[in-house]
Amino acid sequence: MGTDSDYEWEKEVEEFQKTRAGVKGLIDSGITKVPRFFVSSTSQRFSNVAQTKDEQIQVQIPVIDFRGIEKGGGARRIEIVEEIRRASETWGFFQMVNHGVPMNAMEDILESTRRFHEQPKEAKMDLYSSDGRQNVRFYTINGHLTKSDVASWRDAFACTFLDGVMDPDVIPPICREEITEYMTHMINLRDILSELLSEALGLSQDFLEKMQLMKSEYLTCLYYPSSPEPDKTFGTVKHSDPTTLTVLVQDNCGGLQIHHRGNWVDVPPIPGALIANIGDLLQLITNDKFKSVEHRVLARSSGTRVSAACFFYPSGEKMVKAYGPIEELVSEENPAIYRQVTYLDFVTHYQKKNVRGGRSSALPNFKILSLDQ
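1. Section: the overall build of the protein chain
For step 1, the next point in the chain: Each helix and strand in the protein chain was counted, giving 10 helices and 14 strands.
For step 2, the next point in the chain: Here the protein chain, with 373 residues, has 51% of them falling under the buried criterion.
For step 3, the next point in the chain: By sequence separation, contacts in the protein chain at least 24 residues apart represent 77% of the contacts at least 6 residues apart.
For step 4, the next point in the chain: Surface summary for the protein chain: the accessible area is close to 17200 Å², and the carbon and sulfur share equals 51%.

2. Structural notes on empty space enclosed by the protein
For step 1, the next point in the chain: Using the criterion set out here, one finds one cavity of 30 Å³ or more in the structure.
For step 2, the next point in the chain: Roughly 50 Å³ of internal volume is contained in the largest cavity.
For step 3, the next point in the chain: Around the largest cavity sit Arg190, Asp191, Ser194, Leu208, Glu209, Gln212, Leu213, Met214 and Lys215, which together line it.
For step 4, the next point in the chain: Contributions of two or more residues to the lining of the largest cavity are made by α7 (176-200) and α8 (207-211).
For step 5, the next point in the chain: It is α7 that provides the largest number of residues to the lining of the largest cavity, a total of three residues.
For step 6, the next point in the chain: Here the lining of the largest cavity is built from residues that sort into three nonpolar, two polar and four charged.

3. So, the sheet that holds strand β11 (residues 295-298)
For step 1, the next point in the chain: A sheet is described by the order of its strands in space; here four strands give the open sequence β6-β11-β8-β9, paired in antiparallel fashion. Of all the strands in the sheet, the pair left with one neighbour each is β6 (234-239) and β9 (263-266). Each strand axis lies, on average, 30° off the axis of its neighbour in the sheet, ignoring direction.
For step 2, the next point in the chain: Across three bridges, the pairing between β6 and β11 is antiparallel. Its bridge partner lying in β11, His239 is registered against His295.

4. Quick look at the environment of Pro102
For step 1, the next point in the chain: Note on placement: Pro102 falls in the loop between β2 (93-97) and α6 (103-117).
For step 2, the next point in the chain: Separated by 170 residues in sequence, Pro102 and Gly272 have C-alpha atoms that sit 8.3 Å apart.

5. Description of the sheet that holds strand β7 (residues 245-250)
For step 1, the next point in the chain: Here eight strands make up an open sheet; going across it, the order is β1-β2-β10-β7-β12-β5-β4-β3 and the pairing mixed. Pairing within the sheet leaves two strands with one partner each, and these edge strands are β1 (63-65) and β3 (136-139). With strand direction ignored, the average angle separating the axes of adjacent strands in the sheet is 20°.
For step 2, the next point in the chain: One ladder, built from three bridges, connects β1 with β2; its direction is parallel. Bridge assignment links Val63 to a residue of β2, and that residue is Gln95.
For step 3, the next point in the chain: Across the face of the sheet, helix α5 (residues 75-90) comes into contact with β1, β2 and β10 (274-278) while running at roughly 160° to β1.

6. Digging into α6
For step 1, the next point in the chain: Taking 1.5 Å of rise per residue, 15 residues should cover 21 Å, and α6 covers 22 Å from first to last C-alpha, within 8% of that figure.
For step 2, the next point in the chain: Buried within α6 are the following residues: Ala105, Met106, Ile109, Leu110, Ser112, Thr113, Phe116 and His117. Within α6, the buried residues cover an arc of 160° as seen down the axis, which keeps them to one side.

7. Here we look at unusual backbone geometry
Working note: non-glycine residues mostly have negative phi, and peptide bonds are mostly trans.
For step 1, the next point in the chain: Positive phi is not limited to glycine here, since Asn287 has a value of about 55°.
For step 2, the next point in the chain: Looking at where Asn287 falls in the secondary structure, it is placed in the loop between α9 (280-285) and β11.
For step 3, the next point in the chain: On the basis of relative accessibility, which here comes to 3%, the residue Asn287 falls in the buried class.
For step 4, the next point in the chain: If you check the backbone angles, Asp288 has positive phi at about 75° while not being a glycine.

8. What to know about the confidence of the model for the protein chain
For step 1, the next point in the chain: Overall, the predicted model of the protein chain reaches an average pLDDT of 91, with 90% of residues at or above 70.
For step 2, the next point in the chain: Every residue in residues 48-57 is under pLDDT 50, and counting partners more than four places away or in other chains gives nine contacts.

9. As for the pairing of β3
For step 1, the next point in the chain: Of the two faces of β3, the one holding Val136 and Phe138 and the one holding Arg137 and Tyr139 are both buried throughout.
For step 2, the next point in the chain: Two strands pair when backbone bridges link them, and β3 and strand β4 (residues 155-161) are joined in this way by four bridges, in the antiparallel orientation. Paired with Val136 across the two strands is Cys159, which belongs to β4.

10. Brief notes about α5
For step 1, the next point in the chain: Look at α5: 23 Å from first C-alpha to last across 16 residues, which is about the 22 Å you get at 1.5 Å a residue.
For step 2, the next point in the chain: Summarising the contacts, the buried residues of α5 are in contact with β1, β2, α7 and β10.
For step 3, the next point in the chain: Trailing α5 by a residue or two, Gly92 shows a phi angle of about 80°, which is positive.

11. A look at the layout of surface pockets
For step 1, the next point in the chain: Considering only enclosed or pocket space, the second largest pocket measures out at about 250 Å³ in volume.
For step 2, the next point in the chain: The wall of the second largest pocket is formed by 15 residues, among which Gln250, Asp251, Ile270, Pro271 and Gly272 lie closest to the centre.
For step 3, the next point in the chain: When residues in the lining of the second largest pocket are grouped by element, the largest group, four residues, is from α6.
For step 4, the next point in the chain: In the lining of the second largest pocket, the residues fall into nine nonpolar, four polar and two charged.

Criteria and thresholds
Residues numbered from 1 in each chain as written. Predicted model: local features only at pLDDT ≥ 70, side-chain atom pairs only at ≥ 80, totals over all residues. Heavy atoms only, no water. Helix = DSSP H or I, 4+ residues; strand = E, 2+ residues; numbered from the N terminus. Buried < 20%, exposed > 50% of the residue type's maximum accessible area, 1.4 Å probe, protein only. Contact = heavy atoms within 4.5 Å. Areas by Shrake-Rupley, 256 points an atom, 1.4 Å probe, with all protein chains shown as cover. 1 Å grid on protein atoms, 1.4 Å probe; cavity = no way out; pocket = protein on both sides within 12 Å on 5 of 7 lines; lining within 4 Å. Points joined across faces, edges and corners; volume = space filled by probe spheres on them. Nonpolar A, V, L, I, M, F, W, Y, C, P; charged D, E, K, R; others polar. Pairing = 2+ DSSP bridges. Axes fitted to C-alpha atoms, helices over the stretch in contact; angles between N-to-C directions. Expected span 1.5 Å × (residues − 1). Arc of directions from axis to C-beta. pLDDT = per-residue confidence, 0-100.

Printed below as a string of structure tokens:
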């Protein structure tokens, strides 16, 4: 039987979920304090917050200019592949410019994200669901929240494109055209990135394509309202992505940070840029050659941040296939670090076992233990 404090916590979460209005609904109601299930621990909130100006100058997330990536692009394509290799091995993140996605498509997806979330709550309540099996949904809490979890101070609207396909009619009219257009560009960019990442691993251009690691997409349109207590919560709590690769477009507000060499480093907005980050599954199959790193979004005292993240993951057919380190990347000197696992089992473990704001990667659970451990 739970304690009174357990009951109050559960009651608070239940009452929030029943509103089906999200974080924006809390702000619209005029709250002055953040509900407890959004409050991060002190150690989380103040971990590596302060950096000197010199430190900030020395650590800059790589920015890669994609101009010249055409097949047969010669020396410039080789340079881009090398830049991607270094960024993927060292940072797990890089910004892309001249990537081929039109500026108006990026602006439209951000504006439609804002439009969707700023509708009257009655217009989106029917879509509210914490159930990830719903192909189109509006949510704040993803899955089941337990008392050891911390919720992120943001709302999300998500669409699942299994094998790259979704009936556009199920997307709300207020953002249907913009999402459909943007996803066309995301799939084109995915094909380019698949080739470049394959080459960066020293493999054939079509290697990752044949593995069908990025044949499905999950688009999340994120809305970060201001917080009455921004020092107590996060827009998005620290985490890594369990998927293969993520491509993000953000507005000019900032707030995204990545964990790099013991410090939280800002990812500053660059007009026209897209951000790519390596997912846990890609780290697993590359045997730790490419790194998936923790990232988070700071809460804001004023204004609203919007972004759209496109997560790439395996095709429906391959979600039940066992993936392990790529044979070509394993040797006697560099033995396999991870055991084989299906993507479905991998992401299920991530969702069930990992604590929001605590351990943020499922990778350690799939490591092969050496005999001397």
